[in-house]
Amino acid sequence: MSSCVSHHHHLVRHGGGRLRAAGPATPRARPGPGPAASFARRRVARAATSAEAPSGVAPAVPAAGAAVLSEMVEDAAVWCAVHGLVVGDRSDPRSGTIPGVGLVHAPFSLLPARFPMPFWKQACELAPIFNELVDRVSLDGAFLQDSLSRTRQVDDFTARLLEIHEKMMEANKKEDIRLGLHRSDYMLDSETNSLLQIELNTISSSFPGLGSLISELHRTLLKQYGKVLCLDPGRIPRNWAASQFADTLARAWTEYKDDSAVVMMVVQPEERNMYDQYWLVNHLKESVWKTLAQVEAEGKVLTDGKLVVDGRTVAVVYFRAGYSPNDYPSEAWEWRARLLMEQSSAIKCPSISYHLVGTKKVQQELAKPNVLERFLDNKEDIAKLRKSFAGLWSLDNEEIVESAIEKPDLFVLKPQREGGGNNIYGHDLRDTLIKLQKEKGESLAAYILMQRIFPKASLTPLVRGGVCFEDLTISELGIYGAYLRSKDKVIVNSPSGYLMRTKVSSSNEGGVAAGFAVLDSVYLTDETTRCRVTSDNIMN
């Protein structure tokens, strides 16, 4: 049972914004507070859940009473356990290696995040355009090599990826069947009232499984409590990310035309988020899991180009690892495995080319004037993409660098890394830029500068480790996109579900797996929808 809830009790905020159960004393409880303290606590609880949020801050829910929230937290915790909305417990060292050991519910928002319908439609419409852009750019090896030529001089990881890409170019290696499972991440910028892209992920786009589940959790909660909260469960979009990703992997397997072959998921040796991956496996007929080291030890490429690992022919390689230098600890075995897979005829998700398209530097290059026109013909599509671009600059732009040093809170400094916890903000950004200026040379090429996006903050009840607490939060919407092409035939090109992540507004980073955010879902709103319930109706 969740430690912060009890049926028929209401939640109040204590120091640090934590919500705890308040009610009749138990034999172990301390004497209750006097009338004045009780009134003060009631007032705090009302403030935490009323629609009268601080200026500039959206309310968590329309006056959702603490007693209702208490019951919801307990119901949600049970639902997570029953339906597999779980991750490995960080405190149990075996939770990332042995399935079923050390499970805890994934951190989540108790209620879905409000999101305007027009921006939701815009994000979904962008998915197939970005899919096509990734494919077009991946075919231009010279562009990828040129865009990252300076970065490789100061970033060993990027250099190793480019070396593999070069070898494929020299061998004239063609990927007749190309598969991409992407995720484009956005925030709503309150300064410009626009949807702006944060990044485009082309490798290991995580949480299609658990992201689908959190949407169902919220729909279930609102079916039970929606009338009290004045929230309609029908406004939470259905999220089929797991099944749609699995379906695209299965269709790629079919295109390979070998009934004895398998889908191989490349994973990390320790993975607390393995249950997100299991949700995809549940939809696939034939699949195996291997680490990069295992692929190197057990794999080979036959003379006809087939990839065989542990005696099984591999039709599709799906990477849920390989995006970070930490995935290549030996500096030898893992890189040999990556090269081996690229040399084979197996369908890669992603190929080395698709992987490079998702780098920060290529994102910044694509945002330059007239570059999109190099890859896309449709002017409307180009305009839609460009409208979603935040400001992106290389550190060669001395004017922008000086602006960032003067006003660091308006920018984000991004290295060529994935996985969360890598970006640089505020005073650290200023100090890093000053240091890089003094060093001169090519060290500037290891980073890009990005306009900082400022979403509107909301009061939100969050649940982590069975404890419910309320804080000011901001949210980030990721739209999954699936793309499958066989030579000139596009088989799949569509949006494929979504991921909503919510984090405390004071936190700079936003990764759930990295411990910075919680899982969330979307509650669609429009200008004509207004709902307000007084706190007295709930609290009494």
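To keep things clear, this report deals only with the structure shown in the data block. These numbers come from a predicted model, not from an experiment.

## With respect to the overall build of the protein
Counting its secondary structure elements, the protein contains 17 helices and 22 strands. By the burial criterion, 57% of the 540 residues in the protein qualify as buried. Expressed as a percentage of contacts within the protein between residues at least 6 apart in sequence, the contacts between residues at least 24 apart total 73%. Accessible area for the protein stands at about 23,600 Å²; split by element, carbon and sulfur atoms hold 50% of it.

## Concerning the sheet that holds strand β15 (residues 392–394)
Spatial ordering of the open sheet is given by β15-β17-β16, a layout of three strands whose pairing is antiparallel. Lying at the two open borders of the sheet, with one neighbouring strand each, are β15 and β16 (411–415). Here the strands of the sheet are splayed against their neighbours by 30 degrees on average, with no regard to which way each runs. Sheet topology note: the β16/strand β17 (residues 447–451) ladder contains five bridges and is antiparallel. Within the sheet, the bridge partner assigned to proline 415 lies in β17 and is tyrosine 447.

## Focus: the nonpolar core
Ranked by internal contacts, the top residues of the largest apolar core, which has 121 residues, are Leu85 and Met341. With 11 residues, helix α3 (residues 117–138) is the largest single contributor of residues to this core. The residues touching methionine 341, leaving out its near neighbours within four places in the chain, are Met264, Val266, Leu292, Val295, Leu307, Val317, Phe319 and Lys348. Judged by nonpolar contacts, the second largest core, of 15 residues, contains Val401, Leu429, Ala446 and Tyr447.

## A closer look at the side chain of threonine 291
Residue placement: threonine 291 occurs in the loop between β10 (287–290) and α10 (292–298). Accessibility expressed as a relative area gives 13% for threonine 291, which makes it buried. The residues contacting threonine 291, other than those within four sequence positions of it, are Val267, Gln268 and Pro269.

## Points about helix α2 (residues 66–83)
End to end, α2 covers 25 Å across 18 residues, agreeing with the expected 26 Å (1.5 Å per residue, within 8%). Residues of α2 that are buried include every one of Ala66, Val68, Leu69, Ser70, Met72, Val73, Glu74, Ala76, Ala77, Trp79 and Cys80, and no others. Among the residues trailing α2, glycine 84 stands out with phi positive, at a value near 85 degrees.

## Section: the pairing of β10
One ladder, built from four bridges, connects strand β9 (residues 262–266) with β10; its direction is parallel. By the bridge assignment, methionine 264 is partnered in β10 with valine 288. This β-α-β element, β9 to helix α9 (residues 274–281) to β10, shows right-handed connectivity.

## A few points about unusual backbone geometry
Cis geometry marks the peptide bond from cysteine 349 to proline 350; its omega dihedral reads 5 degrees. Of note, proline 350 is situated in the loop between β14 (347–349) and α12 (352–357). Phi at aspartate 310 takes a positive value of approximately 55 degrees, unusual for a residue other than glycine. A positive phi angle is found at asparagine 370, which is not glycine, with a value near 70 degrees. Judged by its relative accessible area of 61%, asparagine 370 is exposed.

## Concerning the packing of aromatic side chains
Applying the stated criterion across every chain yields a total of 10 aromatic pairs. Taking the centre distance of 5.1 Å and the plane angle of 90 degrees together, the rings of tryptophan 120 and tyrosine 498 count as edge-to-face. One end of the pair, tryptophan 120, is in helix α3; the other, tyrosine 498, is in strand β20 (residues 489–504), with 378 residues separating them in the sequence. Across this residue pair, the class does not change: tryptophan 120 and tyrosine 498 are buried. In this structure an aromatic cluster arises from ring pairing among Phe157, Tyr328 and Trp335. Residue placement shows arginine 338 over the ring face of phenylalanine 319; its charged tip is 4.7 Å from the ring centre.

## What about the packing of α3 against helix α14 (residues 379–388)?
Geometrically, a packed helix pair is captured by the angle between its two axes and the distance between the axes. Packing of α3 against α14 leaves a shortest axis separation of 10 Å and a crossing angle of 110 degrees. Taken together, the axes of α3 and α14 are roughly perpendicular relative to one another. As for the relative orientation of α3 and α14, their crossing is left-handed in sense. Across the interface between the two elements, Gln122, Glu125, Leu126, Ile129, Phe130 and Leu133 from α3 touch Asp381, Lys384, Leu385, Lys387 and Ser388 from α14.

## Topic: the pairing of strand β6 (residues 113–116)
Burial along β6 is one-sided: the residues Ala113 and Phe115 are buried and none of Arg114 and Pro116 is. Bridge count between β6 and strand β22 (residues 522–525): four bridges; the pairing is parallel. Bridging across to β22, proline 116 finds its partner in threonine 525.

## Examining the packing of helix α15 (residues 398–406) against helix α16 (residues 426–439)
One can describe the packing of α15 onto α16 by two numbers: an axis separation of 8 Å at closest approach and a directional angle of 140 degrees. Taken as axis vectors, α15 and α16 run oblique relative to one another. Crossing angle aside, the handedness with which α15 passes α16 is left-handed. Here α15 contributes Val401, Glu402, Ala404, Ile405 and Glu406 to the contact with α16, which in turn contributes Leu429, Arg430, Leu433, Ile434 and Gln437. Tallied by class, the residues present in the contact of α15 with α16 amount to six nonpolar, one polar and three charged.

## Observations regarding the environment of serine 194
Inspection of the secondary structure assignment puts serine 194 in strand β8 (residues 194–201). In the structure, serine 194 is positioned 196 residues away from alanine 390 in sequence and 9.8 Å away in space, judged by C-alpha atoms. Engagement of the side chain of serine 194 in a polar contact is seen with the side chain of threonine 192, the distance being 2.5 Å.

## Quick word on the pattern of salt bridges
In total, this model carries 29 salt bridges according to the counting rule given. In this structure, arginine 336 engages glutamate 296 in a salt bridge whose closest nitrogen and oxygen atoms are separated by 3.1 Å. Note that arginine 336 is positioned in helix α11 (residues 333–343) and glutamate 296 in helix α10, a separation of 40 residues in sequence. On the accessibility criterion, arginine 336 (42% relative accessible area) is partly exposed. One salt-bridge network, held together by shared partners, links Glu132, Asp135, Arg136, Arg178 and Arg485.

What counts and how
Residues numbered from 1 in each chain as written. Predicted model: local features only at pLDDT ≥ 70, side-chain atom pairs only at ≥ 80, totals over all residues. Heavy atoms only, no water. Helix = DSSP H or I, 4+ residues; strand = E, 2+ residues; numbered from the N terminus. Buried < 20%, exposed > 50% of the residue type's maximum accessible area, 1.4 Å probe, protein only. Contact = heavy atoms within 4.5 Å. Areas by Shrake-Rupley, 256 points an atom, 1.4 Å probe, with all protein chains shown as cover. Pairing = 2+ DSSP bridges. Axes fitted to C-alpha atoms, helices over the stretch in contact; angles between N-to-C directions. Core = buried A, V, L, I, M, F, W, Y, C linked by side-chain atoms within 4.5 Å. Expected span 1.5 Å × (residues − 1). Right-handed = clockwise from strand over helix to strand, strands pointing away. Phe/Tyr/Trp six-rings, centres within 6.5 Å; stacked < 30°, edge-to-face > 60°. Lys NZ or Arg CZ within 6 Å of the ring centre and 35° of its normal. Parallel < 35°, antiparallel > 145°, perpendicular 65-115°, else oblique. Left-handed = near helix turned anticlockwise from the far one by under 90°. Nonpolar A, V, L, I, M, F, W, Y, C, P; charged D, E, K, R; others polar. Polar contact = N/O pair within 3.5 Å; in protein donor to acceptor, adjacent residues only side chain to side chain. Salt bridge = Lys/Arg side-chain N within 4 Å of Asp/Glu carboxyl O.

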